Amino acid sequence: TAYLFAQMLPLVRGRSGFLLVLGSANVDEGLRGYMTKYDCSAADLNPIGAISKGDLKRMLLWASKEFNIEVLEEIVEAPPTAELRPIADGDAEGKEHSQTDEEDMGMSYEELGHFGRLRKISRCGPVSMFRKLSVKWRHLSPSEVATKVKRFFYYYSVNRHKMCIITPSYHAEAYSPDDNRFDLRQFLYNTKWTRQFNSMDKIVGEMETDIKKKTK
């Protein structure tokens, strides 16, 4: 639809040429594959396509204070949603959308920020990522951390093919998953990650055994 409008709008206004379509997907959505191939992810340019949700929010908060644009704080505080399902309890004014990105994805944007940096910058696979996060996320048990890492790598590997046609972005950070110009990794994976996940299960068992011994 966006491409159709970009082609037709100059025509109906009696102008020559065409318009460029700007995308608005971020790194975390691309990493998780939370987008429709050749549809909502398609554009000519994406100014924020190589920036994580967390960094985008921090940038908006900075801009709201630096340029005194209060509405940017409201944007940051609004729960991210694809707005594909009806608003909860009908269309009453002031009601929140019943669909949120994080609920659909099964993981938070904050978690995706950690996954993305460890995957790209630290070059972590499932096992090394689990080891690092089990130290960083002390509030979670080893099995809970392992479950989150497994979920991420499953969806990452299932959806990696979408990065082959991702919209060109301005690369401001080192964690971009864009495989055409920036992140030259394979796009076909064994989504079961059999060896890696089995290794994680073994490590989890050892860690939880040690925890039980220390608590006795």
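Structure: see above.
Residues numbered from 1 in each chain as written. Predicted model: local features only at pLDDT ≥ 70, side-chain atom pairs only at ≥ 80, totals over all residues. Heavy atoms only, no water.

(A) Structural context of the overall build of the protein. A count of helical and extended segments in the protein gives nine helices and zero strands. Along the protein, helices and strands appear, N-terminal first, in the series α-α-α-α-α-α-α-α-α. C-alpha extents for the protein along the principal axes are approximately 75 × 40 × 40 Å. Within the span of the protein, comprising 216 residues, buried residues form 36% of the whole. Considering only contacts within the protein whose residues lie at least 6 apart along the sequence, 57% involve residues at least 24 apart. (Helix = DSSP H or I, 4+ residues; strand = E, 2+ residues; numbered from the N terminus. Buried < 20%, exposed > 50% of the residue type's maximum accessible area, 1.4 Å probe, protein only. Contact = heavy atoms within 4.5 Å.)

(B) Structural view of unusual backbone geometry. Positioned with a positive phi, Arg-123 is a non-glycine residue whose angle comes to about 55°. If you trace the backbone, Arg-123 turns up in the loop between α6 (109-120) and α7 (126-136). Look at Trp-193: it is not a glycine, yet its phi comes out positive at around 45°. Given the relative accessible area of 9%, Trp-193 is considered buried.

(C) Structural view of the nonpolar core. Core analysis: the biggest nonpolar cluster contains 25 residues, and Phe-115, Met-129, Phe-130, Leu-133, Val-149, Phe-152 and Phe-153 have the highest contact counts within it. Taken together, the elements giving at least two residues each to this core come down to α6, α7, α8 (142-159) and α9 (194-215). Those residues in contact with Phe-153 that lie beyond four places of it in its chain are Cys-124, Gly-125, Pro-126, Met-129, Trp-193 and Phe-197. (Core = buried A, V, L, I, M, F, W, Y, C linked by side-chain atoms within 4.5 Å.)

(D) Layout of the side chain of Ser-64. Along the chain, the position of Ser-64 falls in helix α3 (residues 53-66). There is a polar contact of 2.7 Å between the side chain of Ser-64 and the backbone oxygen of Leu-61. Other than its neighbours up to four places away in sequence, Ser-64 contacts Ile-69, Leu-72 and Glu-73. (Polar contact = N/O pair within 3.5 Å; in protein donor to acceptor, adjacent residues only side chain to side chain.)

(E) Quick peek at the packing of aromatic side chains. Evaluated as defined, the whole model comprises 10 aromatic pairs. Taking 5.1 Å as the distance between ring centres and 75° as the angle between the ring planes, the aromatic pair formed by Phe-152 and Phe-153 counts as edge-to-face. Both residues of the pair, Phe-152 and Phe-153, count as buried. An aromatic cluster of three or more residues is present, and its members are Phe-115, Trp-137, Phe-152, Phe-153, Tyr-156, Tyr-189 and Trp-193. Cation over ring: Arg-32 sits above Tyr-155, and NZ or CZ is 3.8 Å from the ring centre. Note that Lys-53 overlies the ring of Tyr-109, its terminal NZ or CZ placed 5.0 Å from the centroid. (Phe/Tyr/Trp six-rings, centres within 6.5 Å; stacked < 30°, edge-to-face > 60°. Lys NZ or Arg CZ within 6 Å of the ring centre and 35° of its normal.)

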